[in-house]
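Okay, here's what each chain looks like letter by letter:
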Protein chains: 2
Amino acid sequence: MKNYKLTIAYDGSRYNGWQRQGNTSNTIQQKLEDVLSRMAGHAIEIHGAGRTDAGVHAAAQTAHFKAQLPLTPQEIQNYLNQYLPSDIAITACEIVPERFHARLNAIGKHYRYRIQNSTVPNVFERKYMVQDAAALDLNAMHRAAEFLCGTHDFRAFSSVNRRFKKSTVRTLTRIEIERIGAEIRMDFYGDGFLYNMVRILAGTLLAVGKGEISPTDIPVILDSLDRQYAGITMPPAGLTLMEVFYDTPHNQE
Amino acid sequence: MKNYKLTIAYDGSRYNGWQRQGNTSNTIQQKLEDVLSRMAGHAIEIHGAGRTDAGVHAAAQTAHFKAQLPLTPQEIQNYLNQYLPSDIAITACEIVPERFHARLNAIGKHYRYRIQNSTVPNVFERKYMVQDAAALDLNAMHRAAEFLCGTHDFRAFSSVNRRFKKSTVRTLTRIEIERIGAEIRMDFYGDGFLYNMVRILAGTLLAVGKGEISPTDIPVILDSLDRQYAGITMPPAGLTLMEVFYDTPHNQE
């Protein structure tokens, strides 16, 4: 059996997220497994680096699957790109060591949240941005971002079920916020992200930009461990998983 | 009566082109006139700089309309952007001299044709590009472009009806062809373009890139005045009207 790593781009607009769920077939994972299984002639299960929610996009999601196939990685990639819907593309396919696991070996991720900060919509990228024309204080947003970076219990910034005993401690290594024309682009780098965490971080930073939350409120919100004090959960359309990081090259066995 | 100039961006994917046509309401012009007329309380007719075909996009189409409105240009722009569908946006609205005419005063246009030159689709821009993975000789395309620039009878590069007596002489001032990652971007600047001319120019240059047409065939094709010798009419999705040029600033009366 060989172990294959896929890098996948998708426009998540019309999908119920990444993860295959019971009889909901309209997920990215299900579309990939359908085409892969048809190619192989038997069922193939793929394992993603993580879920993305309904409507969230990916520039470079990763996944692995094990199979014995009479095709080169390039042939597999071409087959998938030929039969996948036009809003899902395989940007890379490579053979990796058998122990490689897309989720367990991931050491970090980069997410981007995009806001069209104008009364004029961006017609070409409207499905990948959320429009909000409010005047924003980027300096305040930068100060708030500094308070968010580092290792914290991010329970206040997640929609995680309180009864779950799993750790909600994560490390945000970097947040970049910049204005590019009418676009406000927020980039989040961290070792892992809780459920809805990026969308709540974006909503909180936006509230800071509008003066509804002060940068110095951020440590208080973090300490509260209480979801109600953070900003809103921003809509999924503005969110894109940009990259999944691994600590070693894994090109060949 | 005041004269207003609109600059309009649209994703043309789901429209029957720019121009209002009989009982086909699904055009950009019709959508604009519907919202403008609702705002004014009476019918308003707009005049575009030129037609774009079904499925063709615009980053900056222009149009003018005459009306007496109790609103500032900014208020008109905001109203339109609020009520237009999300794939049409007004990027500018200004008062211009009464003699300004969006089509008659236009002295040139810039069109862009985009090709995703890879077996990997571009999922995020798939509606604005046409995919063709063939190996392309860009040097040959540049040489062919040199033959196309200048003042010529472009009858061979148009779908114009032969019986029409209108001049088919146009001046192409510049063609730029460059590779940006997996994208081949062709920019066409000229004083005017015949029906389907940019899409046929793009199809011909693509055929040159593939070695199916030689750069030195271009003068022969031009001289033939015969549509059958030029390349195919490329699909509309790859084409975007980038800008309409006017020779004088017309910001205020």
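Further up the page is the structure itself.
In this text, all values refer to a predicted model and were calculated from it rather than measured experimentally.

Calculation notes
Residues numbered from 1 in each chain as written. Chains lettered and ligands numbered in written order. Predicted model: local features only at pLDDT ≥ 70, side-chain atom pairs only at ≥ 80, totals over all residues. Heavy atoms only, no water. Helix = DSSP H or I, 4+ residues; strand = E, 2+ residues; numbered from the N terminus. Contact = heavy atoms within 4.5 Å. Buried area = accessible area lost by both parts, 1.4 Å probe. Salt bridge = Lys/Arg side-chain N within 4 Å of Asp/Glu carboxyl O. Polar contact = N/O pair within 3.5 Å; in protein donor to acceptor, adjacent residues only side chain to side chain. Nonpolar A, V, L, I, M, F, W, Y, C, P; charged D, E, K, R; others polar. Expected span 1.5 Å × (residues − 1). Buried < 20%, exposed > 50% of the residue type's maximum accessible area, 1.4 Å probe, protein only. Axes fitted to C-alpha atoms, helices over the stretch in contact; angles between N-to-C directions. Parallel < 35°, antiparallel > 145°, perpendicular 65-115°, else oblique. Left-handed = near helix turned anticlockwise from the far one by under 90°. Least-squares fit on C-alpha atoms with pLDDT ≥ 70 in both. 1 Å grid on protein atoms, 1.4 Å probe; cavity = no way out; pocket = protein on both sides within 12 Å on 5 of 7 lines; lining within 4 Å. Points joined across faces, edges and corners; volume = space filled by probe spheres on them.

A separate point is the environment of Tyr-79 of chain A. With respect to the helices, strands and loops of the structure, Tyr-79 of chain A is situated in helix H2 (residues 73-83). The residues contacting Tyr-79 of chain A, other than those within four sequence positions of it, are Val-35, Arg-38 and Met-39 of chain A.

Here the focus is the interface of chain A and chain B. Frequently, the measure chosen for interface size is the accessible area removed from exposure when the parts meet. Contact residues are listed per partner, giving 24 residues for chain A and 24 residues for chain B. Here chain A meets chain B over a buried area of about 1,700 Å², counting both sides, of which 62% is carbon and sulfur. Among the residues chain A hides against chain B, the three largest losses belong to Val-123, Phe-124 and Arg-126 of chain A. Together they make up 35% of the total. The tally of links between chain A and chain B comes to two salt bridges. The salt bridge partner of Arg-126 of chain B is Asp-11 of chain A, with a shortest N-O separation of 3.1 Å. Connecting chain A to chain B are eight residue pairs in polar contact (both at pLDDT 80 or more). Those elements that place two or more of their residues in the side of chain A that touches chain B are strand S1 (2-10), strand S3 (57-67), H2 and strand S4 (88-96) of chain A. Of the residues assigned to the side of chain A that touches chain B, the class counts are twelve nonpolar, eight polar and four charged.

All names here are of chain B. In a regular helix each residue adds 1.5 Å, so 13 residues correspond to 18 Å; helix H1 (residues 28-40) covers 18 Å between its end C-alpha atoms and thus fits that length. Burial in H1 covers these residues: Ile-28, Gln-29, Gln-30, Leu-32, Glu-33, Val-35, Leu-36, Ser-37 and Met-39. The secondary structure elements touched by the buried residues of H1 are strand S1 (2-10), strand S3 (57-67), helix H2 (73-83) and strand S4 (88-96). Positive backbone phi, approximately 85 degrees, marks Gly-41, located one or two places after H1.

Residues and elements named next belong to chain B. Where H1 contacts H2, the two axes come as close as 10 Å, and the packing angle between them is 125 degrees. The angle between H1 and H2 falls in the class oblique. Like other packed secondary-structure pairs, H1 and H2 cross with a definite hand, here right-handed. Touching Val-35, Leu-36, Arg-38 and Met-39 of H1 are Ile-76, Tyr-79, Leu-80 and Tyr-83, all from H2. Class assignment of the residues belonging to the contact of H1 with H2 gives a composition of seven nonpolar, no polar and one charged.

Further remarks concern the relation of the copies chain A and chain B. The operation relating chain A to chain B is a screw motion whose rotation component is 180 degrees, with 0.0 Å of axial translation and a residual RMSD of 0.0 Å. In the structure described here, the two chain copies are related by an operation that fits a two-fold rotation axis. No C-alpha of chain A lies nearer the rotation axis than that of Glu-125 of chain A, which sits 4.2 Å from it. A shared binding surface is used by both copies, with 100% of the interface residues of chain A retained as interface residues in chain B.

This part is about the environment of Ser-86 of chain A. Looking at the secondary structure, you find Ser-86 of chain A in the loop between H2 and S4. The class for Ser-86 of chain A is partly exposed, based on a relative accessible area of 47%. Those residues in contact with Ser-86 of chain A, other than ones at most four positions away along the chain, are Val-123 and Arg-126 of chain B. Separated by 3.4 Å, the side chains of Ser-86 of chain A and Arg-126 of chain B make a polar contact.

This part covers empty space enclosed by the protein. Per the counting criterion, the structure on display carries one cavity of 30 Å³ or more. Counted as a void, the largest cavity has a volume near 50 Å³. Lining the largest cavity are Val-123, Phe-124, Arg-126, Lys-127 and Tyr-128 of chain A together with Phe-124, Arg-126, Lys-127 and Tyr-128 of chain B. The class makeup of the residues in the lining of the largest cavity is five nonpolar, no polar and four charged.

All names here are of chain A. Tallied over the full model, the rule gives 22 salt bridges over all chains. A salt bridge links Asp-11 to Lys-127, with the shortest nitrogen-to-oxygen separation between them at 3.1 Å. With Asp-11 in the loop between S1 and helix H1 (28-40) and Lys-127 in the loop between strand S5 (106-116) and strand S6 (130-131), the pair connects residues that are 116 residues apart, well separated along the chain. The exposure class assigned to Asp-11 is buried, which follows from its relative accessible area of 1%. What makes Lys-127 partly exposed here is its relative accessible area of 26%. Residues Asp-53 and Arg-199 are paired through a salt bridge, measuring 3.2 Å at the closest nitrogen-oxygen approach. Taken together, the residues span a long stretch of sequence, with Asp-53 in the loop between strand S2 (47-48) and S3 and Arg-199 in helix H4 (residues 197-209) at a distance of 146 residues. With relative accessibility at 12%, the residue Arg-199 sits in the buried group. Salt bridges sharing common partners tie together Arg-114, Glu-125, Glu-183 and Arg-185.

This part is about the side chain of Arg-114 of chain B. Residue and element names in this part refer to chain B. Its place among the elements puts Arg-114 in strand S5 (residues 106-116). A distance of 3.1 Å separates the side chain of Arg-114 from the side chain of Glu-125, its partner in a polar contact. Apart from residues no more than four positions distant in its own chain, Arg-114 is found in contact with Glu-125, Tyr-128, Met-129, Val-130, Glu-183, Ile-184 and Gly-238.

Relative to the assigned elements, Gln-77 of chain B resides in helix H2. Residue Gln-77 of chain B is classed as buried on the basis of its relative accessible area, which comes to 7%.

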